[in-house]
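Notes for the structure review
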Amino acid sequence: MDLERDKREQREKRDRRDSRERRDRQETRGPRSSLARHAILASLAFLAAVLPACMMGPDYKRPETPPADSWRLTTSTAESIANMPWWELLKDQA
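Here we summarise the structure given alongside this text. (Residues numbered from 1 in each chain as written. Predicted model: local features only at pLDDT ≥ 70, side-chain atom pairs only at ≥ 80, totals over all residues. Heavy atoms only, no water.)

**Some points on the overall build of the protein chain**
To keep it simple, the criterion reads: Here a helix means four or more residues in a row that DSSP labels H or I, a strand means two or more in a row labelled E, and each is numbered from the N terminus. Buried residues are those whose accessible area, probed at 1.4 Å on protein chains only, stays under 20% of the maximum for their type, while exposed residues exceed 50% and partly exposed ones sit between those limits. Throughout, the Shrake-Rupley method with a 1.4 Å probe supplies accessible areas, and for residues the shown protein chains are the sole cover considered.
Helix and strand counts for the protein chain stand at two helices and zero strands. Expressed as a percentage of its 94 residues, the buried residues of the protein chain come to 2%. Counting only carbon and sulfur atoms, one obtains 58% of the accessible surface of the protein chain, whose full area is about 9600 Å².

**Thoughts on a positive patch on the surface**
Heads up, the rule is: Patch definition: residues with relative accessible area over 30% and no salt bridge; like charges joined within 9 Å; nonpolar side chains (Val, Leu, Ile, Met, Phe, Trp, Tyr) joined within 5 Å. Only one rule defines a salt bridge in this text: a Lys or Arg side-chain nitrogen within 4 Å of an Asp or Glu carboxyl oxygen. Under the convention used here, Asp and Glu are negative, Lys and Arg are positive, and both His and the chain ends fall outside the count. Where a charge lies is defined by one atom per residue type, namely NZ (Lys), CZ (Arg), CG (Asp) and CD (Glu).
A cluster of like positive charges, contributed by Lys-7, Arg-8, Arg-11 and Arg-14, occupies part of the molecular surface. Within the secondary structure layout, Arg-14 lies in helix α1 (residues 2-50).

**Digging into the pattern of salt bridges**
Close approach of charged atoms allows side chains of opposite charge to pair. If you walk through the whole model with that rule in mind, you get two salt bridges. For Arg-5, the salt bridge goes to Asp-2, with nearest N and O atoms at 2.2 Å. Within this pair, Arg-5 and its partner Asp-2 are both found in helix α1, separated by three residues, close to a single helical turn. Close ionic contact of Arg-17 with Asp-18 constitutes a salt bridge, the shortest N to O distance being 3.8 Å.

**Describing a negative patch on the surface**
Residues Asp-6, Glu-9, Glu-12 and Asp-15 make up a contiguous surface patch of negative charge. Considering the arrangement of structural elements, one finds Asp-15 in helix α1. Judged by its relative accessible area of 44%, Asp-15 falls in the partly exposed class.

Below, the structure is given as structure tokens:
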């Protein structure tokens, strides 16, 4: 009789301990998983907001530029330092 009571008490003690451990695990896991879930959702929202900003306008076409000859005025049109080639202006012998 005492043996059965001892076994029953040990089993009850073990069940209480197991339920306490299970409850403690759930309490510690709850906020951590909630924090991780919020972090993942925040990072997804951030990516959804930022990635479209990287997109360039549709079908960009480079504008036509005039040829280099049309940039400089002829010497007959204007005699200015700005219109002279730098190597002629400085007359470097090197």
